[in-house]
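Fold and geometry: a report
Below are the chains, spelled out letter by letter.
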Amino acid sequence: MGTALALALKAAGYRIEVVVTKRPSHARRAVSVIGGGPLGFSVLQMDRLDLAQQDRLRRSSLILIATPDDAIAGVADRLASILKSDRLKSRNGRVAMHTSGALSSEALRSLRDAGFDTGSLHPLVSISDSRSGPKSFAQAFFSVEGDPAAVRLAKSIVRDLGGQSFTIKARHKALYHAAALLASPHTVALLDIAIEMLSRCGISPRDARRVLLPLLESTIANLSTQDPKRALTGTFRRGDVATVRRHLAAIKSEGLSDALAAYQLLGKRSVSLARTRGVKPLELDEIERLIEDIS
């Protein structure tokens, strides 16, 4: 995420001055990918910076922390110990943000105490490769939260990247992020379960993915124009009791416990959605009984 965001910011006209990563090798790789001569070092090396390196770090008007969530507060503490000074505190317009979806700007309290306006800037995109990731930020949505000055800058950054922003309250960050997890990473996990099921039908994992992706894409296309209760299709939308019985028998016979648990949980929600459309009440009652009796 950090390297992809740096590449996107550079392409939008921002100058990347310093890159800090967990390991020196990661810093060297990020600096090489980003280009333009940014300074690169690891978190541990931050305590051994020479005066020139410290000055370059101090000149940065914006700090973006894109580490795993558990490392954010520690990185902020190390930065604060380097950057806090009476001279620094007297300078305005310095902002520090992190890219966590689950944590609020409170994780950067030490930097706020060091004279920074703090915030969080979380892109709602799925990035698995730093080089191809930057284009994903265009037209993406970003959640922003924090001090007013940080929020203003975050919204400006999002506009420069071609995205759209929305604000949420700090206390809602974890729930917001859990929703994003369900919509994206857990969709990957769900597809993996479906691939496993097709593999029991004699289809290779590679071919299973090729077969299922167009189906997933058509579902997303439906959701882009309709709300979930109208986009729902298939067995539960039709109230096909006999088909649900066949599904459950087939999944149990193959011993696919993850598939059975997913079918039960998502089936309950599908029944609920189908009821809002007035689908055969008696049939939905029977389907609900079948999936609740799964053992």
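Coordinates for the structure precede this section.
In what follows, the accompanying structure is described.

**Overview of the overall build of the protein chain**
When helices and strands are counted, the protein chain shows 16 helices and seven strands. Computed over its C-alpha atoms, the radius of gyration of the protein chain comes to 24 Å, more than 25% above the 19 Å expected for a compact globule of 295 residues. Taken over the C-alpha atoms alone, the protein chain extends approximately 75 × 40 × 35 Å along its principal axes. Here the protein chain holds 295 residues, and 35% of them are scored as buried. In the protein chain, 59% of the contacts between residues at least 6 apart in sequence involve partners at least 24 apart. Only carbon and sulfur atoms are counted for the fraction: they give 53% of the accessible area of the protein chain, which is about 16,600 Å².

**A few points about the packing of aromatic side chains**
Taken as a whole and judged by the stated rule, the model has three aromatic pairs. Between Phe-236 and Tyr-263 the ring centres are 5.9 Å apart and the planes differ by 55 degrees, which places this aromatic pair in the tilted class. Of this pair, Phe-236 sits in helix H13 (residues 235–238) while Tyr-263 sits in helix H15 (residues 257–276), and the two are 27 residues apart along the sequence. With respect to burial, Phe-236 and Tyr-263 carry one shared label: buried.

**Here we look at helix H11 (residues 205–225)**
End to end, H11 covers 31 Å across 21 residues, agreeing with the expected 30 Å (1.5 Å per residue, within 8%). Along H11, the sharpest kink reaches roughly 25 degrees, centred on Leu-212 and followed within four residues by the proline Pro-214.

**Regarding the packing of helix H3 (residues 51–59) against helix H4 (residues 69–83)**
Taken N-terminus to C-terminus, the directions of H3 and H4 make an angle of 105 degrees; their axes are 10 Å apart at the nearest point. In this view, H3 runs roughly perpendicular relative to H4, as classed from their interaxial angle. On H4, the residues that touch Gln-54, Leu-57 and Arg-58 of H3 are Leu-79, Ile-82 and Leu-83. Here the contact of H3 with H4 is composed, by residue class, of four nonpolar, one polar and one charged.

**Focus: the nonpolar core**
By size, the foremost hydrophobic cluster in this structure holds 24 residues, and its most contacted members are Ile-34, Leu-121, Phe-142 and Leu-161. Those elements that place two or more of their residues in this core are helix H1 (2–11), helix H2 (24–34), strand E4 (95–98), strand E6 (141–146) and helix H8 (148–160). Discounting chain neighbours no more than four positions away, the residues touching Leu-161 are Leu-5, Ala-8, Leu-9, Ala-12, Phe-137, Ala-138 and Phe-142. Judged by nonpolar contacts, the second largest core, of 21 residues, contains Val-18, Leu-49, Ile-63 and Leu-83.

**Points about the side chain of Ser-143**
Counting through the fold element by element, Ser-143 comes out in strand E6. Ser-143 sits in the buried class, given a relative accessible area of 1%. A polar contact is formed between the side chain of Ser-143 and the side chain of Tyr-176, at a distance of 3.1 Å.

**Here's the deal with the pattern of salt bridges**
On inspection of all chains with the given rule, the structure shows 15 salt bridges. The shortest N-O distance in the salt bridge between Asp-147 and Arg-112 comes to 3.4 Å. With a gap of 35 residues between them, Asp-147 in the loop between E6 and H8 and Arg-112 in helix H6 (residues 109–113) connect regions that are remote in the sequence. You can call Arg-112 partly exposed: its relative accessible area is 27%. Arg-210 is paired through a salt bridge with Asp-207; the nearest N and O atoms lie 3.2 Å apart. In this pair, Arg-210 and Asp-207 both sit in helix H11, three residues apart, roughly one turn of the helix. Judged by its relative accessible area of 34%, Asp-207 falls in the partly exposed class.

Criteria and cut-off values
- Residues numbered from 1 in each chain as written.
- Predicted model: local features only at pLDDT ≥ 70, side-chain atom pairs only at ≥ 80, totals over all residues.
- Heavy atoms only, no water.
- Helix = DSSP H or I, 4+ residues; strand = E, 2+ residues; numbered from the N terminus.
- Rg over C-alpha atoms; globule rule 2.2 N^0.38 Å.
- Buried < 20%, exposed > 50% of the residue type's maximum accessible area, 1.4 Å probe, protein only.
- Contact = heavy atoms within 4.5 Å.
- Areas by Shrake-Rupley, 256 points an atom, 1.4 Å probe, with all protein chains shown as cover.
- Phe/Tyr/Trp six-rings, centres within 6.5 Å; stacked < 30°, edge-to-face > 60°.
- Expected span 1.5 Å × (residues − 1).
- Bend = angle between axes of the 7 residues up to and from the residue.
- Axes fitted to C-alpha atoms, helices over the stretch in contact; angles between N-to-C directions.
- Parallel < 35°, antiparallel > 145°, perpendicular 65-115°, else oblique.
- Nonpolar A, V, L, I, M, F, W, Y, C, P; charged D, E, K, R; others polar.
- Core = buried A, V, L, I, M, F, W, Y, C linked by side-chain atoms within 4.5 Å.
- Polar contact = N/O pair within 3.5 Å; in protein donor to acceptor, adjacent residues only side chain to side chain.
- Salt bridge = Lys/Arg side-chain N within 4 Å of Asp/Glu carboxyl O.

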